[in-house]
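Below, each chain spelled out in residue letters.
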Amino acid sequence: SKEHLTLSRRRVVPLPVLRANPETDPNALFPKDTVVMALYPQTTCFYKAVVNAPPLTHNDEYEILFEDSSYTEGFSPPLKVAQRYVIAIRDKKLKV
């Protein structure tokens, strides 16, 4: 049997369509040490990560460190992730 799941628009995070060009608009990229959500290579899942190095040109990828407790540093070795798969983390605001 097939079930349908309906999500509210506020629960969906759109992915960027265009790549930022660091040569013309460096403020459009996440700087080093920014906490982000990024698509882990060869998977379909986004995980919390830290930017190790932003792209240098519009064709370059981010160098990302994924949180990983199996490493003594707490992060994976640097992995390349396309710009469109690196997104800002949403702040969870408590409703009182």
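Structure: see above.
None of the values given here were measured: they were computed from a predicted structure.

A. Inspection of the sheet that holds strand S5 (residues 86–88) at higher detail. One open sheet accounts for 5 strands, arranged S4-S3-S2-S1-S5; its pairing is antiparallel. In the strand order of this sheet, the two ends are held by strand S4 (79–81) and S5, each with one partner. Pairwise comparison of adjacent strand axes, ignoring direction, gives a mean angle of 55 degrees for this sheet. Inspection of the sheet shows strand S3 (residues 62–66) paired to S4 by 3 bridges, in the antiparallel sense. From the neighbouring strand, Glu63 faces S4, where its bridge partner is Lys80.

B. Spatial organisation of the nonpolar core. Core analysis: the biggest nonpolar cluster contains 11 residues, these being Ala20, Leu29, Val36, Ala38, Ala49, Val51, Tyr62, Ile64, Phe66, Val81 and Val86. For this core, the secondary structure elements donating two or more residues are strand S1 (35–39), strand S2 (46–53) and S3. For this core, the element with the most residues is S3, which contributes 3 residues. For Ala20, the contacting residues outside a window of four places in its chain are Ala28, Leu29, His58 and Gln83.

C. Looking closely at the packing of aromatic side chains. A complete count under the given rule lists 3 aromatic pairs for this structure. With a centroid separation of 6.1 Å and an interplanar angle of 85 degrees, the aromatic rings of Tyr40 and Tyr47 are classed as edge-to-face. An aromatic cluster of three or more residues is present, and its members are Tyr40, Tyr47 and Phe66.

Analysis parameters
- Residues numbered from 1 in each chain as written.
- Predicted model: local features only at pLDDT ≥ 70, side-chain atom pairs only at ≥ 80, totals over all residues.
- Heavy atoms only, no water.
- Pairing = 2+ DSSP bridges.
- Helix = DSSP H or I, 4+ residues; strand = E, 2+ residues; numbered from the N terminus.
- Axes fitted to C-alpha atoms, helices over the stretch in contact; angles between N-to-C directions.
- Core = buried A, V, L, I, M, F, W, Y, C linked by side-chain atoms within 4.5 Å.
- Buried < 20%, exposed > 50% of the residue type's maximum accessible area, 1.4 Å probe, protein only.
- Contact = heavy atoms within 4.5 Å.
- Phe/Tyr/Trp six-rings, centres within 6.5 Å; stacked < 30°, edge-to-face > 60°.

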